[in-house]
Amino acid sequence: MSREVVCRASPSLALVKYWGKKPGRGNRPATPSLAVTLGGITTETRVRLAPAHGHTDTVVLNGQTQPPERFRPFFESLRRRVRRRSSAQGDLPFFDVDSRNDFPSAAGLASSSSGFAALALGCSRAAGLELSVRELSALARLGSASAARSLFGGFTLLPAGGRSARQLHPPQHWPELRILVVVVSEQAKPISSRRAMEATRGSSPYYRAWLRDAAALLPRALEALRRRDLEALGEAALVSYSRMHAAMIAAGPPVLYWLPGTVAAIHECRRLRAEGIGAWETLDAGPQVKILCLAPDVAAIAERLRRLPELGPSVRLLEARPGEGPVCGVTGE
Ligand code: PMV
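Rules used throughout
Residues numbered from 1 in each chain as written. Predicted model: local features only at pLDDT ≥ 70, side-chain atom pairs only at ≥ 80, totals over all residues. Heavy atoms only, no water. Disulfide = S-S within 2.5 Å. Pairing = 2+ DSSP bridges. Helix = DSSP H or I, 4+ residues; strand = E, 2+ residues; numbered from the N terminus. Patch = residues over 30% accessible without salt bridge, like charges linked within 9 Å, V, L, I, M, F, W, Y side chains within 5 Å. Areas by Shrake-Rupley, 256 points an atom, 1.4 Å probe, with all protein chains shown as cover. Salt bridge = Lys/Arg side-chain N within 4 Å of Asp/Glu carboxyl O. Lys, Arg positive; Asp, Glu negative; His and termini not counted. Charge placed at Lys NZ, Arg CZ, Asp CG, Glu CD. Buried < 20%, exposed > 50% of the residue type's maximum accessible area, 1.4 Å probe, protein only. Axes fitted to C-alpha atoms, helices over the stretch in contact; angles between N-to-C directions. Contact = heavy atoms within 4.5 Å. Near = heavy atom within 4 Å. Polar contact = N/O pair within 3.5 Å; in protein donor to acceptor, adjacent residues only side chain to side chain. Nonpolar A, V, L, I, M, F, W, Y, C, P; charged D, E, K, R; others polar. Core = buried A, V, L, I, M, F, W, Y, C linked by side-chain atoms within 4.5 Å. Expected span 1.5 Å × (residues − 1).

Draft legend 1. Layout of the state of the cysteines. Across all of its chains, the model carries one disulfide by this definition. Cys269 forms no disulfide, and the closest cysteine sulfur to it belongs to Cys293, at a distance of 8.8 Å.

Draft legend 2. Seen up close, the sheet that holds strand S14 (residues 327-331). Strand order in this open sheet of six strands is S6-S5-S7-S4-S1-S14, and the pairing throughout is mixed. Looking at the sheet topology across the chains shown, the edges are occupied by strand S6 (64-65) and S14. Two elements, strand S1 (residues 4-9) and S14, share five bridges in a ladder whose sense is antiparallel. Each residue of the ladder has a partner; that of Cys7, found in S14, is Cys328.

Draft legend 3. Molecular detail of a positive patch on the surface. Taken together, the side chains of Arg25, Arg80, Arg83, Arg84 and Arg85 present a region of like positive charge at the surface. Using a relative accessible area of 62% as the deciding quantity, one classes Arg84 as exposed.

Draft legend 4. Fine view of the packing of helix H1 (residues 72-85) against helix H3 (residues 133-141). Two elements in contact, H1 and H3, have axes separated by 8 Å at closest approach and are oriented at 145 degrees. Contacts between H1 and H3 involve Phe74, Ser77, Leu78, Arg81 and Arg85 from the former and Glu135, Ala138 and Leu139 from the latter.

Draft legend 5. Examining the site of the ligand more closely. Within the structure, the ligand sits among 13 residues, and Tyr18, Ser112, Ser144, Ser146 and Arg149 are positioned closest to it. One of the backbone N or O atoms of Ala145 is found 3.4 Å from an oxygen atom in the ligand. One of the side-chain N or O atoms of Ser193 is found 3.3 Å from an oxygen atom in the ligand. Contact with the protein chains covers 95% of the free accessible surface of the ligand, which is 380 Å². Each residue belonging to the shell around the ligand can be placed in one class, and the counts come to seven nonpolar, four polar and two charged.

Draft legend 6. Representation of the nonpolar core. With 53 residues, the main nonpolar core has Ile179, Val182, Ile291, Ile301 and Leu305 as its most contacted residues. Among residues more than four places away in sequence, those in contact with Ile291 are Arg178, Ile179, Leu180, Val182, Cys269, Ala279, Trp280, Glu281, Ile301 and Leu305. Phe75, Ala120, Ala140 and Leu142 belong to the second largest nonpolar core, which has 48 residues in total.

Draft legend 7. Fine view of the pattern of salt bridges. On inspection of all chains with the given rule, the structure shows 21 salt bridges. Two residues, Glu198 and Arg201, come together in a salt bridge whose shortest N-O distance is 3.0 Å. Of the two residues, Glu198 and Arg201 both sit in helix H5 (residues 193-203), three residues apart, roughly one turn of that helix. Here Glu268 and Arg271 are joined by a salt bridge, their closest N and O atoms 2.6 Å apart. One end of the pair, Glu268, and the other, Arg271, are both in helix H8 (residues 260-274), three residues apart, so they sit about a helical turn from each other. Among the residues examined, Arg271 registers a relative accessible area of 40% and is labelled partly exposed. When salt bridges that share partners are traced, they join Glu4, Arg8, Glu44, Arg46 and Arg48 into one network.

Draft legend 8. A look at helix H2 (residues 111-126). If you check H2, its first and last C-alpha atoms are 22 Å apart, about what 16 residues at 1.5 Å a residue would give, namely 22 Å. Counting buried residues along H2, 14 of its 16 residues qualify, which places the element largely inside the surrounding structure. The first or second residue beyond H2 is Gly128, which carries a positive phi of 75 degrees.

As structure tokens, then:
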């Protein structure tokens, strides 16, 4: 049996959002982001070295072979690291990757964050490369900047222009925190976050204002998180996603991810808060709504969402909590 590396990672949900890239190569974020790793939601990635002289990397996600362009900077950077670290002059490694999400992919549930985090860990292990978690974070960033955060559990920070993310607090910092993911649509999003960011940077008159404001919002959110103050953190998260979406809706042509179910869930969260139940929504590049709340309120919030005609009683709800960073094992040795 040939050697296979199996890694599991969880998506990183930003409370203060990264949106927009620094000019130039390297996929560096233009805004700082503060995030929580979503324990209970997982990408599982299996990596084998491709047969010698194959000279292609193959990535299959949920049974579908992926276009190679998206993965090229990642694999090329990985091979450069292998070349730098190995004294031997042997063939450089290529990879066969089979990855599965236990949640909808490419629908704005941050699947690229857990995907590239698991890929960075799995491929470096398969190639026999010992990288520090910071190096893994920098490598994962080349695929998706949010993936730099998924290399860590708990609460994470990726600074503006940052090469790698870091952990601010372990998951145990706030064990009662819950994130209720409302799957408004299982369809892949109509425009990738990468293209949507470029459209915002290139054509939204609000992009500069977004950059200025995002940096100013961070200290407030950091302090709220340190104090485990749901209301203050929720308010910062609300402002962050609203301004991010305002900037993209102002692009030409507008980028609009919201569906009727998205808007209905936003209004329901407002009503819940007016009734004294802490339900603080946030949105990423897609129609899904993620609700920050505390464990004792999950059932009541879920019940109210199921009653919305735009969602219905069978709406898929995923319950996550602050989770651990990726884990990895090796079989067939
Ligand atoms: O890392 P990407 O390219 O998938 O972009 C992620 C962007 C958001 O999810 C909208 C925000 C974030 O910080 O995760």
